[in-house]
Amino acid sequence: MQASPLLTAHGMAKRYSGVVALNNVSIELNAGEVLGLLGANGSGKSTLSSIIAGDNRADEGVIRLNGVELPAGSPGAARAVGIAIAHQHPGLAPDLPVWENVYLGAEICGAGRFLKRAAARRKAGELLSSLRADWDLDAPAGTLTTADQQLVEIAKALALEPRVLIFDEPTAALAAAEVESLMLAIRTLAARGTAIVFISHRMAEVEALCDRVVVLCNGRHAGELAVNGQIDEARVLAWMGGAAGGAAAAKLQEVGIGESAQTPPQRLQVAYADRPQVALSARGLRAGTRLHGVDFDVKRGEILGIAGLQGHGQEELLDALAGYRKLASGEITVDRAPLAPSSPRQMIEAGVCLVPNDRHRQGLWLDHSVEFNLAQVGVNFERRAWRLERAPMKRFVDGVVARLRIKTSNVRQPVRALSGGNQQKVVIGRWLDARVKVKVLLLSDPTKGVDVIARKEIYEAVGALASTGAAVIVYASDTDELLAVCDRLIVMYEGRVVAQLEGRDMNEAQITSALFGRSAA
């Protein structure tokens, strides 16, 4: 006789200002099961998971744990019965040390309700060490990298020892070794009987980890299937895309941005034919503790990829080129004119523009509208800011929304209400303003937490920009993505460029060798 589900969510519905986020969605979750929750950005995955965790209140529907109905919209009640969530965007207290963040809200207390600080610090260290070695437990959480903050967020959820644990895009910011450690931890939890919901856009992870997948599309339950070590990716992509899913999946494979293990990636071709002129040249760049003398060139119309293991200077290099990080030494030239980066505004005026790694902290005014976020850069560089003309600005905003297929109820909707993929399109879209005159576009992991269809649309926009003669430099944690979209690659190791690959040398074996500091020859 089959055991009853541990958790059921029946008839879940949620609307935001007329936009349907969930429409009569029902799922079941069994003890010891890893359920993959898949869907395009804006399909309702995060909304559903936040409702189950009590962080959000459904307009309709009932959640039961072991047959007992749970109070709606109560994170405390959900936590009390053993439901926890590791959010895609960590909610840490930046001024508190790492170990205190792990047990914030779940403090270990002794007699008289006094805090047992030494025990909490020790257990926090054990949890974090299971995900990655060498933590400074006393460092303020706000000083951590994006990837390390994500690991602390995961450790916070693990500290609750939950019966149901939801992972919302947990691997988007993590390096390969950290992903392996997390997947091992998830398998261990499932073996102990914990029910897991795993949200990811990486099909290989879903295939390796999940027992079953549920696919959402436009807030509806689109399909469900067992994985058994191999996922029917074509069917999943078709469900994700709705009626147009089959065509979308085929196009993804054409440009090599799908994640099928059977089809090797093919590079996205850029239409800009004549590329003799160097757009940006860097020589001997040193900054902080992670850049130790970087040399490279990128030509007009070229998409140059940066590969490297987490923490080897890729993000610091882009920050330095964009004027966010002060150089200790080195030279940068843009269109043969020497520059000494002193501020982001100076570099933007020179045509060097950054799409940052963390869109929430660095890229968006979350409580302002889509229109405000798209127009803000161009407005700041308008020569007659005292006489702003609404009509051209509206044409620009409406054009970007249509061109990048930004899913929004209207351009005055707060950007916070958009899905992660649509937020990222807004960050990229602002640089399409003709007033900015982009010569070099810097992209730091631009499709982190973005579904495969939105990923394709983002890189189509990037390719179109390159076809006009702009140079593009992109760092991505996914090597397959770089191989799919880049004309040439540089590989960084311990703050230096250790390999420059193009043509037939752009392959997984050459990159892997260089990633660990070995010769790619």
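Source: prediction; values computed, not measured. Here, residues in each chain are numbered from 1, in the same order as that chain's written sequence. This being a predicted model, a pLDDT of at least 70 is required before a residue's local features are given, and a value of 80 or more before pairs of side-chain atoms are given or counted; all residues contribute to the totals for chains, interfaces and linings. Computation of side-chain values: all heavy atoms of the structure, hydrogens and water removed.

A. Just the layout of surface pockets, in detail. Space inside and on the surface of the protein is sampled on a 1 Å grid over the protein atoms alone, with a cavity defined as a set of points where a 1.4 Å probe fits but cannot get out and a pocket as an open set with protein on both sides within 12 Å along at least 5 of 7 lines; lining residues have an atom within 4 Å of a point. Grid points are joined across faces, edges and corners, and a volume is the space filled by probe spheres set on the points. Taken as a whole, the second largest pocket encloses approximately 1000 Å³ of empty space. Contributing to the lining of the second largest pocket are 37 residues, with Ser-46, Thr-47, Arg-416, Ala-417 and Leu-418 lying nearest its centre. For helices the rule is a DSSP run of H or I covering at least 4 residues; for strands it is a run of E covering at least 2, with both sets numbered from the N terminus onward. The set of elements that each furnish at least two residues to the lining of the second largest pocket consists of strand S2 (19-29), helix H1 (45-52), helix H12 (359-363) and helix H15 (420-429). Ranked by residues supplied to the lining of the second largest pocket, first place goes to H1 with five residues. Across the lining of the second largest pocket, the residue classes tally to eight nonpolar, 22 polar and seven charged. For this scheme, ten residues count as nonpolar: Ala, Val, Leu, Ile, Met, Phe, Trp, Tyr, Cys and Pro. Four count as charged, namely Asp, Glu, Lys and Arg, and the remainder, Gly too, count as polar.

B. Fine view of the environment of Ile-52. Relative to the helices and strands, Ile-52 resides in helix H1. Each C-alpha atom of the pair Ile-52 and Ile-166 lies 8.9 Å from the other, and the pair is 114 residues apart in sequence. Contacts of Ile-52, omitting those with residues within four sequence positions, involve Leu-7, Ile-27, Ile-63, Ala-78, Ile-83 and Ile-166. Note on contacts: a residue pair is in contact if any heavy atoms of the two residues lie within 4.5 Å.

C. Main features of H1. Partly exposed residues are those whose accessible area sits between 20% and 50% of the maximum for their type, while under 20% is buried and over 50% is exposed, using a 1.4 Å probe and protein chains only. Most of H1 is tucked away: seven of the eight residues are buried. Buried within H1 are the following residues: Lys-45, Thr-47, Leu-48, Ser-49, Ser-50, Ile-51 and Ile-52. The first or second residue beyond H1 is Gly-54, which carries a positive phi of 85°.

D. The arrangement of the sheet that holds strand S1 (residues 7-16) in detail. Spatially, the four strands line up as an open sheet ordered S2-S1-S4-S5, and their pairing is antiparallel. Each edge of the open sheet carries a strand with a single partner, namely S2 and strand S5 (68-69). By the convention used here, strands pair only if DSSP detects at least 2 bridges between them. In this structure, strand S4 (residues 60-65) lies alongside S5, joined through two bridges in antiparallel fashion. Residue pairing in the sheet places Leu-65 in a bridge with Val-68 of S5. Each of S1, S2 and S4 is contacted by H1, which is oriented at about 60° to S2, the strand it contacts most. Convention adopted: a line fitted to C-alpha atoms gives each axis, helices being fitted over their contacting stretch, and angles between N-to-C directions are expressed from 0 to 180 degrees.

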